[in-house]
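For reference, the chains in residue letters:
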Amino acid sequence: MRTAVLSLLASLAVASPALANEARVEARGGIIWDQGDEEAIAGIAAGYDWDLGGSTFFGVEASADKILTDNTRVAFGFGGRLGARVGEAGKVYVASSYNTKPCRLCEDSVSLGAGYQHSFGQSLYGKVEYRHFFVGNGFSDPDAVVAGLGVKF
């Protein structure tokens, strides 16, 4: 299975120069809340979007986010997004990812969410994104909203 996924990603990367694709990196911050408790969150992400034709796109993303409180650690995320261009500068999308444990006694999770990304010129963009984390194993499911500022190339 791993070989098939890596082969698919490699063939998409080789085919990408013929399309209007873009890589991106960003810094982001926001808030995560669960059962009345809320904390600040900060992180970084890098991704790549492929045009699917028309106004649709598909992207992959890797991220590192930290809840800004004691006894937490960086949670790494690996996922993707699917969306459509809105006007000349916007993108609306749904996103999902696998996320590692944010603390020693926590559980890993899968997130599902949606966002909007807006370009400011050729390479700068901002985005707002909501995510719901499905934790399982008797743990409650937190929610997060982040705003990001990034560069695409």
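What you see is a predicted model, and the numbers here were worked out from it, not measured in a lab. (Residues numbered from 1 in each chain as written. Predicted model: local features only at pLDDT ≥ 70, side-chain atom pairs only at ≥ 80, totals over all residues. Heavy atoms only, no water.)

A. Local environment of the pairing of strand E7 (residues 124-134). Examined bridge by bridge, strand E6 (residues 109-120) and E7 share eleven bridges and lie antiparallel to one another. In the strand pairing of E7, Gly115 is matched with Glu129. Taking the residues between adjacent antiparallel strands as the criterion, E6 and E7 are bridged by three residues, where Gly121 takes a positive phi near 90°. (Pairing = 2+ DSSP bridges. Helix = DSSP H or I, 4+ residues; strand = E, 2+ residues; numbered from the N terminus.)

B. Here's a closer look at a nonpolar patch on the surface. On the surface, a nonpolar cluster with roughly 640 Å² of combined accessible area is contributed by Val74, Phe76, Phe78, Tyr98, Val110, Leu112 and Phe134. Put simply, the parts of the chain that give the nonpolar patch at least two residues each are strand E4 (75-86) and E6. (Patch = residues over 30% accessible without salt bridge, like charges linked within 9 Å, V, L, I, M, F, W, Y side chains within 5 Å. Areas by Shrake-Rupley, 256 points an atom, 1.4 Å probe, with all protein chains shown as cover. Salt bridge = Lys/Arg side-chain N within 4 Å of Asp/Glu carboxyl O.)

C. Representation of the pattern of salt bridges in the model. Within the structure shown, the criterion is met by 15 salt bridges. Measuring nitrogen to oxygen at the nearest pair gives 3.6 Å for the salt bridge that ties Arg28 to Glu26. Its relative accessible area of 10% is what places Arg28 among the buried residues. We note a salt bridge from Lys127 to Glu61, for which the minimum N-O separation is 3.7 Å. Placement of Lys127 in strand E7 and of Glu61 in strand E3 (residues 56-67) is noted, with a sequence separation of 66 residues between them. (Buried < 20%, exposed > 50% of the residue type's maximum accessible area, 1.4 Å probe, protein only.)

D. Representation of the environment of Gly90 within the structure. The topology assignment puts Gly90 in strand E5 (residues 90-99). Separated by 29 residues in the primary sequence, Gly90 and Ser119 have C-alpha atoms spaced 6.4 Å apart. Setting aside its immediate chain neighbours within four residues, Gly90 contacts Ala84, Arg85, Tyr116, Gln117 and His118. (Contact = heavy atoms within 4.5 Å.)

E. View of the side chain of Ser97. With respect to the element layout, Ser97 can be found in strand E5. A distance of 3.2 Å separates a polar atom in the side chain of Ser97 from a polar atom in the side chain of Asn99. When residues no more than four places from it in sequence are discounted, the contact partners of Ser97 are Phe78, Gly79, Ser109, Val110, Ser111 and Arg131. (Polar contact = N/O pair within 3.5 Å; in protein donor to acceptor, adjacent residues only side chain to side chain.)

F. Representation of the state of the cysteines. Scanning the model with the defined rule gives one disulfide in all. Note on cysteine connectivity: Cys103 is disulfide-linked to Cys106, with sulfurs 1.7 Å apart. Residues Cys103 and Cys106 are joined by a disulfide whose S-S torsion is about 85°; by sign, that bridge is right-handed. For Cys103, a relative accessible area of 13% gives the class buried. Assessed through its relative accessible area of 19%, Cys106 is described here as buried. (Disulfide = S-S within 2.5 Å.)

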